[in-house]
Amino acid sequence: HGWEVAPMNIYELNLADARHDLQSEENTVFLPAEVEFGERMDALLAEIDRVNPRRLVIDSCSELRLLAQTPLRFRRHLLALKDNLARRHCTILLIENPLKDGDVLLQSLVHGVIEMQQLAPLYGAEKRRLRVLKMREVRFRGGFHDLTMRRGGVVVFPRLIAAEHTREFTAGALSSGLPRLDALLGGGLDRGTSTLFLGPPGSGKSAIAVLFATAAASTGERVAMFSFEEGMHTLRIRSAALGMPLDEHMTSGRITVRSIDPAELAPGEFTHAVRHAVEEGGARVVIIDSLNGYLHAMPDEQFITLQLHELLTYLR
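Everything quoted here is computed from the prediction, not taken from an experiment.

About the criteria used
Residues numbered from 1 in each chain as written. Predicted model: local features only at pLDDT ≥ 70, side-chain atom pairs only at ≥ 80, totals over all residues. Heavy atoms only, no water. Helix = DSSP H or I, 4+ residues; strand = E, 2+ residues; numbered from the N terminus. Buried < 20%, exposed > 50% of the residue type's maximum accessible area, 1.4 Å probe, protein only. Contact = heavy atoms within 4.5 Å. Areas by Shrake-Rupley, 256 points an atom, 1.4 Å probe, with all protein chains shown as cover. Pairing = 2+ DSSP bridges. Axes fitted to C-alpha atoms, helices over the stretch in contact; angles between N-to-C directions. Phe/Tyr/Trp six-rings, centres within 6.5 Å; stacked < 30°, edge-to-face > 60°. Lys NZ or Arg CZ within 6 Å of the ring centre and 35° of its normal.

**A word on the overall build of the protein chain**
Next, step 1: Summing up its helical and strand segments, the protein chain has twelve helices and eleven strands in all.
Next, step 2: Counting the 316 residues in the protein chain, one finds 31% classified as buried.
Next, step 3: The contacts in the protein chain between residues at least 6 apart in sequence include a share of 64% that link residues at least 24 apart.
Next, step 4: When the accessible area of the protein chain is evaluated, it comes to approximately 20500 Å², of which 54% is carbon and sulfur surface.

**Let's talk about the sheet that holds strand 10 (residues 255-259)**
Two strands in a sheet stick together by hydrogen bonds in their backbones, pointing the same way (parallel) or opposite ways (antiparallel).
Next, step 1: If you walk across this open sheet you meet the three strands as 10-9-11, and the pairing is parallel. Strands at the two margins of the open sheet, each flanked by one partner only, are strand 10 and strand 11 (283-289). Averaged over neighbouring strand pairs, the angle between their axes works out to 15° when direction is ignored.
Next, step 2: Along the sheet, helix 10 (residues 267-279) makes contact with strand 9 (222-227), strand 10 and strand 11, crossing strand 11 at roughly 150°.

**Overview of the packing of aromatic side chains**
Next, step 1: Under the counting rule described, the total for this entry stands at three aromatic pairs.
Next, step 2: Ring geometry for Phe197 against Phe212: centres 6.1 Å apart, planes inclined by 25°, an arrangement best described as stacked. Placement of the pair is Phe197 in the loop between strand 8 (189-190) and helix 7 (205-218) and Phe212 in helix 7, with a sequence separation of 15 residues.
Next, step 3: Here Phe197 falls in the partly exposed class, since its relative accessible area comes to 30%.
Next, step 4: Relative accessible area serves as the criterion here: at 3%, Phe212 is assigned to the buried category.
Next, step 5: Aromatic rings pair up to connect Phe226, Phe228 and Phe270 into one cluster.
Next, step 6: Residue placement shows Arg129 over the ring face of Phe144; its charged tip is 3.7 Å from the ring centre.

Here you go:
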């Protein structure tokens, strides 16, 4: 990830205890929770006293929980650790694998709980997402949010809520550049609406979409096109053969075309790409080619139609 870890103090508690266990005789008098757990907590507090950290990460709590053996002992020691670090103004990050009857205990002790999941679809790369279960004194956005791991860290794509993006716009019609087609459509496509070009393969759906895109770009507007099926090379050749200056507008930056690999994309990431094209790129026309390609690319995703509805409402 390109992170510099040298300034961090890493204390391998398990490694130190493992060496100690190899050199000591087996304890047959006291329970591990009465001896080993207390020793590990003392070692942890001693390291905290030495470093005096502003942030503390415990990765993970599973072994401490097993050593404590009882939820009561585990809770008491964590409360003591929490109070100790709170007086130092130290932020604590606890990492935990979900265990039966363990999650509720930890969740009641901490201020915030963030659940992270990794899903394995029937085809394609794994999908990751997170959900904020609890955050005291903070109004957070509920539900699942897609995320991806990239060099440098984690990129989270917050769930889109269209109602938060309502704003006024100038009414009008988007011309195709063909007077007879515009007359057929009552002057063109109304601004702030969604139009579905429907037809079998080869009927000209992509050609009509590119026609509207080049017409908008000719008036100085920006267009964002997301292609799930047709390759960039084929799209350019077909557009040139029909006399539509797609290459010219792509060179000038008025039209951006992004080829989407659906096997590597989460719905939230696609929504973020559309939002970025609109909010940062200034796109006034968005083309998704095709909708079936997007829907069929993610057969395991639930409520995909609802996500599309929210996206179209946002664009409107």
